[in-house]
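The chain contents come next:
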Amino acid sequence: MFRGKRRAVVLVAAVCTGALLAVVLLAGWASGGSSGVSYLDGNTNAVLYAAGHRPLAPDFTASTLTGSRLSFSSYRGRVVVLNFWGSWCVPCREEAPTLAVVAEQYQRAGVAFLGVDVRDTTASAEAFVRNFGVTYPSVSDSSSQITLAFTAAVPVSGTPTTLVVDRTGHIAGAVFGQATYSELTAMLAKVTGKTAG
Amino acid sequence: MTDVRVPEADPFDAAAQERDGRPPSPAAAAPGGLGLAGWLKWAWRQLTSMRIALVLLFLLAVGSVPGSILPQQGTDAAGVQQYYTSHPGLAPWLNHLGLFNVFAAPWFAAIYLLLFASLVGCVVPRTFRLVGSARSLPPRAPRHLTRLPHSAEYTVALGPQDAVQVAERALASHGFRLRRPADGGGSPDAGEPWVSAEKGYLREVGNLLFHLALLGVLVSVALGGLFGYKADRLLVQGSTFADTASQLDELYPGRLVSDADLGPFTITLNQFEASYIASGPQRGQPSSFDAQISYTARPGGPVGSYRLEVNRPLSVDGAKVYLIGHGYAPVFRVTDARGQVVYNAPTPFISGSSGNFLSEGVVKVPDAQPQQLGFTGIFVPTAVDVGGVLQSAFPAADNPVVSMIAYAGNLGMNSGPSQSVYQLDTAGMRRLTTSPQVLQVGQSLKLPGGQGTLTFTGYVPWVSLTITHDPGQIPALVCGIAALGGLLLSFMVRRRRVFVRARADSGGGSTVRVGGLTRTDASGGFEAEFASLADELRSAQRAAAAGQAAPQPGSEPGTEPDSEPDSGHSQHEGK
């Protein structure tokens, strides 16, 4: 009688330990999965959000590097490429020429490009824009509020991050890290239905 | 830990008592020839034994010692670097043993998990046993009570049944749980009614609480490791940052922390002031630091203001923000060969070991034309010339100067790995100035060949902040207090038993024997408790006898109709 009880007790203890481990493992597992998300060419840094699963891009109003006020909602109805960058950031400098090229190619397709300058100063940012021949506007995120607002929608964990926002103001694609020409054009082709022209 | 893991030797253990008279379990003996199951059972029993738990607890304590002696990767990466340079032979070995990151080392996790398994393996069976012992009745009264460590014997003018009934009532009023012959098993001892009483179950509750709380402490610490994070950020006066991954200088997230889990608060450093002792032997020592900050817990939320000081952290959105350091950020303006302002920013310089906030830093101007520019230099808050060498005489900025060396060429910032903002990679650069150029506020350094100008326009303070979020902190505190409470309970409360037997005397009265037994009497006191209890029983019985004698002088107490001891008695829960 007693030995049986003892065995049951040992069993319960073992099961409890096992269950605890399982919970910890499952918690790790579950945080990985979500629906409506696919990766461009299997690259987990280039994320596509299926229609219906697209996070809403938050609105913001901020000063551009040239001093005028810009409101993100004024872009509604257009596809927008939003690029988080900083003049101090090595991969941002690396991708800057690519972005300038893609911006020019998709201008006729009605795609707007907008930069969000992060942890930077106006003098350095202006020098960057001049240096790389960036023609599209950038807003300064000196109070970090734009980054913060977008982090709630997609994991903007660093610079550079490039978001493709569809005509309804929803985030259709994101490149976390340095964006390549093929990633940008593939995403824009999907969202606009047009190829580079 | 207390004496809870010795069921074999424990006369108070209900489960152990059930085993009385059975052959000892084979697994308790040497495990030789038991097969795999036997070995596993043996190993589990060893693991869950108090000795191993104590060894593991000790190892855990010993294992965390290097974590406080040696610099740790997570908290002091620079210290680890320093250690490598000062102990080039030893450091790689220490690193192999994980001693620079003790709390993430596999061996530390092994101790931790084994201790956890040991505690679970102890507490779970213990819970069942406590429940069993809480439901079981005290043992039958032994036949020879005078052989017990505490005993008393006296006669009363009351029949045995009545004498025992009076004793029952008295014991029950003291919170004892009772057992009478009719309650369970065995035939009533002919002609000798008895009652067994036991109290002090709170001891087991305390024991259990202690173990559960210890388990809780481990879970809390794990919770902090899985869901907590630590981050650092250097913040220049007048600037703002938000608690998101891209805005932090260093982020050490727990294993299950994603970037979205960081608190959405924003902090602006409005003003930082440090004051120093200006004279005496303590000259140069800081007398106060305080950082005036404003913050919002979430975007668009109300703006709060706070005076951040050392050891006066800000609690915001579940995180704590500590002021851990400060320094100077000289402000430079750089124009390039084309006369365009390509840099104009406060640039944090980091104070080194030379004291009095003599600080080093670099300025990188990646968008200068036609060539990238870079500067290395020092900021000296109170500059004095000691034999041609710049030194800082005081930490406050009484005579601030910078001393800069200029470079031109390729900073390595247009491709390749990310760079530290505090280091200049001069491999692709050419030195423009032969000697360091000392500048006072407002002075400029003209670069040779019309390559541009660097102007030292002023300086602002910066602070370094550490943000910690540890969801296990409060649970760990609560569990720690509960563990202490449980330990105190289990030390202060004793399980004790009192037995009463009454035998009929020839004269119509009875001889009452009272016996007492306690498990551990290290703290003393049961002797006195027993004596007073025995006295109380006797006086209660004598009072009952006197009361009985007055209204019904001729009655025979032994033949009273109500001789069923358990009728009308409710089960008394032991305390």
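Parameters and conventions
- Residues numbered from 1 in each chain as written.
- Chains lettered and ligands numbered in written order.
- Predicted model: local features only at pLDDT ≥ 70, side-chain atom pairs only at ≥ 80, totals over all residues.
- Heavy atoms only, no water.
- Pairing = 2+ DSSP bridges.
- Helix = DSSP H or I, 4+ residues; strand = E, 2+ residues; numbered from the N terminus.
- Axes fitted to C-alpha atoms, helices over the stretch in contact; angles between N-to-C directions.
- pLDDT = per-residue confidence, 0-100.
- Contact = heavy atoms within 4.5 Å.
- Patch = residues over 30% accessible without salt bridge, like charges linked within 9 Å, V, L, I, M, F, W, Y side chains within 5 Å.
- Areas by Shrake-Rupley, 256 points an atom, 1.4 Å probe, with all protein chains shown as cover.
- Salt bridge = Lys/Arg side-chain N within 4 Å of Asp/Glu carboxyl O.
- Buried < 20%, exposed > 50% of the residue type's maximum accessible area, 1.4 Å probe, protein only.
- Parallel < 35°, antiparallel > 145°, perpendicular 65-115°, else oblique.
- Left-handed = near helix turned anticlockwise from the far one by under 90°.
- Expected span 1.5 Å × (residues − 1).
- Polar contact = N/O pair within 3.5 Å; in protein donor to acceptor, adjacent residues only side chain to side chain.

Let's shift gears to the sheet that holds strand S9 (residues 303-308) of chain B. Residues and elements named next belong to chain B. Taken together, four strands build an open sheet; the order of strands is S5-S7-S8-S9 and the sheet is antiparallel. Every interior strand has two partners, whereas the edge strands, strand S5 (240-242) and S9, have only one. Each strand of the sheet is rotated relative to its neighbour by a mean of 25°, with strand direction disregarded. When S5 meets strand S7 (residues 266-276), the two strands line up antiparallel, connected through three bridges. Bridging across to S7, Ala242 finds its partner in Thr266.

The predicted model of chain A averages 85 in pLDDT, with 81% of residues at 70 or higher. Counting contacts from residues 24-33 of chain A, a segment whose pLDDT is below 50, to residues more than four positions away or on other chains yields three contacts.

A few words now on a nonpolar patch on the surface. Residue and element names in this part refer to chain B. Residues Leu484, Leu488, Phe491 and Met492 make up a contiguous nonpolar surface patch of about 450 Å² in total accessible area. Note on placement: Met492 falls in helix H10 (residues 473-492). For Met492, a relative accessible area of 58% gives the class exposed.

What follows is about unusual backbone geometry. That bond from A:Thr159 to A:Pro160 is cis: its omega, -5°, falls within 30 degrees of zero. Along the polypeptide, A:Pro160 turns up in the loop between helix H4 (145-151) and strand S8 (161-165). In this chain, B:Gln369 is followed by B:Pro370 through a cis amide linkage whose omega measures 0°. By secondary structure assignment, the location of B:Pro370 is in the loop between strand S14 (359-365) and strand S15 (372-380). Its identity is not glycine, yet A:Asp41 carries a phi of approximately 55°, on the positive side. Structurally, the position occupied by A:Asp41 is in the loop between strand S1 (37-40) and strand S2 (43-49). Using a relative accessible area of 77% as the deciding quantity, one classes A:Asp41 as exposed.

Before going further, it helps to examine the packing of helix H8 (residues 160-173) of chain B against helix H11 (residues 526-549) of chain B. All names here are of chain B. Viewed as axis vectors pointing N to C, H8 and H11 meet at an angle of 130°, and their least axial separation amounts to 9 Å. With respect to each other, H8 and H11 are oriented oblique. The chirality of how H8 crosses H11 is right-handed. On H11, the residues touching Asp162, Ala163, Val166, Ala167, Ala170 and Leu171 of H8 are Leu533, Leu537, Ala540, Gln541, Ala544 and Gln548.

Attention shifts here to the pairing of S14(B). Residues and elements named next belong to chain B. Summarising burial for S14: six of the seven residues are buried, a large majority. The pairing of strand S13 (residues 350-351) with S14 spans two bridges and is antiparallel. Each residue of the ladder has a partner; that of Ser351, found in S14, is Ser359. Alignment of S14 against S15, held across seven bridges, turns out to be antiparallel. The residue of S15 that forms the bridge with Lys364 is Gly374. Between S14 and S15, which follow one another and run antiparallel, lie six residues.

Time to look at the confidence of the model for chain B. Where the model shows low pLDDT, its predicted coordinates should not be examined in detail. Residue and element names in this part refer to chain B. Averaged over every residue, the pLDDT of chain B is 83; the share at 70 or more is 87%. Low pLDDT, under 50, characterises residues 13-28; the stretch is placed with 23 contacts to residues that sit more than four places away or in other chains. A low-confidence stretch, residues 553-575 stays under pLDDT 50, and its non-local contacts, those more than four residues away or across chains, total 34 contacts. Across the whole predicted complex the pTM is 0.72, and at the interface the ipTM reaches 0.81.

Residues and elements named next belong to chain A. With twelve residues, helix H5 (residues 181-192) should cover 16 Å at 1.5 Å per step; its first-to-last C-alpha distance of 16 Å lies within 8% of that length. Residues of H5 that are buried: Glu183, Leu184, Thr185, Met187, Leu188, Val191 and Thr192. Following H5 by one or two positions, Gly193 adopts a phi angle in the positive range, close to 75°.

Attention now moves to H11(B). Residues and elements named next belong to chain B. Taking 1.5 Å as the rise per residue, H11 with 24 residues should run 34 Å; its terminal C-alpha atoms sit 34 Å apart, in good agreement. Of the positions making up H11, those classed as buried are Phe526, Phe530, Leu533, Ala534, Leu537, Gln541, Ala545 and Gln548. Taken together, the buried residues of H11 touch strand S1 (150-156), H8, strand S23 (496-504) and strand S24 (510-518).

What follows concerns the environment of B:Asn414. Relative to the helices and strands, B:Asn414 is located in the loop between strand S18 (401-409) and strand S19 (429-431). Apart from the residues within four sequence positions on either side, B:Asn414 is in contact with A:Val90, A:Arg93, A:Glu94, A:Phe132 and B:Gln372. A polar contact is formed between the side chain of B:Asn414 and the side chain of A:Arg93, at a distance of 2.6 Å.

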